[in-house]
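Chain and residue survey
Chain residues, written in single-letter form:
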Amino acid sequence: MKIIVLICVTIISVIVQAKVIVFLYHRFDDARYPSTNTWTTELENHIRLVKELGFEIWTIRDLEEYVYGRKKMNKDAVVFTIDDGYRSIYDKAYKIFKKYNVPFCIFLQVGAVGYPDYLTWEMIYEMLKNGVEFGNHSFSHPDFPSFISKMGEEQMLEYFKSDLQRAQQVFKEKTGRTLNYYAYPYGHYIPQMIDILKEEGFKLAFTQNPGPYDLSYGAFEIPREPLLEDWATEKHLRYVLNREPLVTENSPFVLQNGIMTIKTKILIPKEVRYATLYVSEKGIIKSHLKDNEIFGETKLTKMYNRLMISANDGRKEYLRYYLIFNAQGE
Ligand SMILES: [Zn+2]
């Protein structure tokens, strides 16, 4: 009886905690850019390891179906995505993905297609024919929120909209297809950009915040794990696959005059033993935890920061990253 109860509890907890981890790559076998490079030997190891550990490998379309409640999750899943559209995708990674029959999605900087070091339309046609998925990664890859200080928020949003429409238009002209997914250049965005993506008919949008994805995060702030440089190792991959999505009651931070105040109740995990607040420009900051509520405060000087809330229930690490945009920051 005890064993049956235990099995039931285990099954329920597996279902409750099912998660999706979206991998992010840029270049392959390209020693010129170590900070955005992944070796294809490492890529092969990633594919082998997720298969060995029993993860499902999803297409972006599968993820869309899941996010919109049309697909059930049986096991934890991973999705492979590659940003920018460099030529080494076609020259190096494509044959590895084919060898293992693994789907992947390229987030294309549409305005760069055909330039030296980037994919050509011929390469894109061939990959489309073979089922490779594509998403919009802007036309000209600007750091959109940084333009607020120069042109104001409204103008920046106009700029964002016209850039993404231009990318849509060119891709449609060249391939006859519409892109339904967006990856924010540099992972930088503000909430108003999400409204525009919705108006323009996009279904999903991807950040560069690491961490696993939980349905409660919505469709337009999907985190991704960069598996490049030092983070391409098996050790790091095992670590990221083992983390669980943290869920809070409300948006956990407020930013006012450069002061960020963190105050939220952690809903998952249910019983937090200890928790950590980490801010990229500060490192770990002082925090107080009481009855699953966490508090902290710090002054920010940079335009972009990532806040990480990490909590441990004695069994596993749960975490979520948030992009913090401070228009007055340097
Ligand atoms: Zn990019």
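Here we take up the pairing of strand S19 (residues 304-312). The side chains of a regular strand alternate between the sheet's two faces. Here S19 shows one buried face, formed by Asn305, Leu307, Ile309 and Ala311, and one open face, formed by Tyr304, Arg306, Met308, Ser310 and Asn312. Bridging between strand S15 (residues 274-279) and S19 involves six bridges; their strand directions are antiparallel. Its bridge partner being in S19, Thr276 is matched across the sheet by Ser310. Note: S19 against strand S20 (residues 317-325), nine bridges, orientation antiparallel. Across the sheet, residue Met308 finds its bridge partner in S20, namely Tyr321.

Here we take up the nonpolar core. Ranked by size, the top nonpolar core spans 79 residues in total, and within it Val22, Phe23, Val79, Ile89 and Ala205 carry the most contacts. The dominant element in this core, judged by the number of residues it contributes, is strand S1 (residues 20-25), at six residues. When residues of this core are assigned to domains, at least three fall in each of domain 1 (2-243) and domain 2 (247-325). Excluding anything up to four places from it in sequence, Ile89 contacts Phe28, Ile82, Tyr94, Ile106 and Leu119.

On to the environment of Tyr94, then. Turning to its location among the elements, Tyr94 is positioned in helix H4 (residues 87-99). Remark: the alpha-carbon pair of Tyr94 and Leu289, spanning 195 residues in sequence, is separated by 47 Å. Setting aside residues no more than four positions away along its own chain, Tyr94 makes contact with Ile89 and Met127.

Let us now look at the domain arrangement of the chain. The domain architecture assigned to the chain consists of domain 1 (2-243) and domain 2 (247-325). Inter-centroid distance (C-alpha atoms) of domain 1 to domain 2 is 25 Å. Across the contact, 14 residues belong to domain 1 and 11 residues belong to domain 2. Of the residues contributing to the side of domain 1 that touches domain 2, the split by class is five nonpolar, seven polar and two charged.

Attention now moves to the environment of Ser138. Among the structural elements, Ser138 can be located in the loop between strand S7 (133-136) and helix H6 (148-151). Classification of Ser138 as buried rests on a count of 24 C-beta atoms within 10 Å. In this structure, the C-alpha to C-alpha distance between Ser138 and Ala167, residues 29 residues apart in sequence, is 6.0 Å. Not counting residues up to four positions away in its chain, the partners in contact with Ser138 are Gln109, Asp163, Leu164, Ala167 and Pro185.

A few words now on the sheet that holds S20. Taken in spatial order, the five strands of this open sheet run S11-S20-S19-S15-S16, and their pairing is mixed. The open sheet has two edge strands, strand S11 (244-245) and strand S16 (283-285), and neither has a second partner.

Residue alternation in S15 divides its side chains into a buried set, Ala275, Leu277 and Val279, and an unburied set, Tyr274, Thr276 and Tyr278. One ladder, built from three bridges, connects S15 with S16; its direction is antiparallel. Within the sheet, the bridge partner assigned to Leu277 lies in S16 and is Ile285. The loop that links S15 with its antiparallel partner S16 comprises three residues.

Running from amino to carboxyl end, helix H7 (residues 153-175) crosses helix H8 (residues 191-199) at an angle of 40°, the nearest separation of the two axes being 10 Å. Helix-helix and strand crossings are classified by hand; for H7 and H8 the assignment is right-handed. Contacts between H7 and H8 pair Leu157, Phe160 and Lys161 from the former with Gln192, Met193 and Ile196 from the latter. Class assignment of the residues belonging to the contact of H7 with H8 gives a composition of four nonpolar, one polar and one charged.

With an omega of 5°, the peptide bond between Ile268 and Pro269 qualifies as cis. Locating Pro269 in the fold gives a position in the loop between strand S14 (259-268) and S15. Non-glycine residue His141 carries a positive phi angle of around 55°. Examined against the element boundaries, His141 turns out to sit in the loop between S7 and H6. Using a count of 17 C-beta atoms within 10 Å as the deciding quantity, one classes His141 as partly exposed. Of note, the phi angle at Glu229 is positive, near 50°, even though the residue is not glycine. Residue class for Glu229 comes out partly exposed when judged on the 16 C-beta atoms lying within 10 Å of it.

Procedures and definitions
- Residues numbered from 1 in each chain as written.
- Predicted model: local features only at pLDDT ≥ 70, side-chain atom pairs only at ≥ 80, totals over all residues.
- Buried ≥ 20, exposed ≤ 12 C-beta atoms within 10 Å, placed from the backbone.
- Helix = DSSP H or I, 4+ residues; strand = E, 2+ residues; numbered from the N terminus.
- Pairing = 2+ DSSP bridges.
- Core = buried A, V, L, I, M, F, W, Y, C linked by C-beta atoms within 7 Å.
- Domains from an automatic or database assignment.
- Contact = placed C-beta atoms within 7 Å.
- Nonpolar A, V, L, I, M, F, W, Y, C, P; charged D, E, K, R; others polar.
- Axes fitted to C-alpha atoms, helices over the stretch in contact; angles between N-to-C directions.
- Left-handed = near helix turned anticlockwise from the far one by under 90°.

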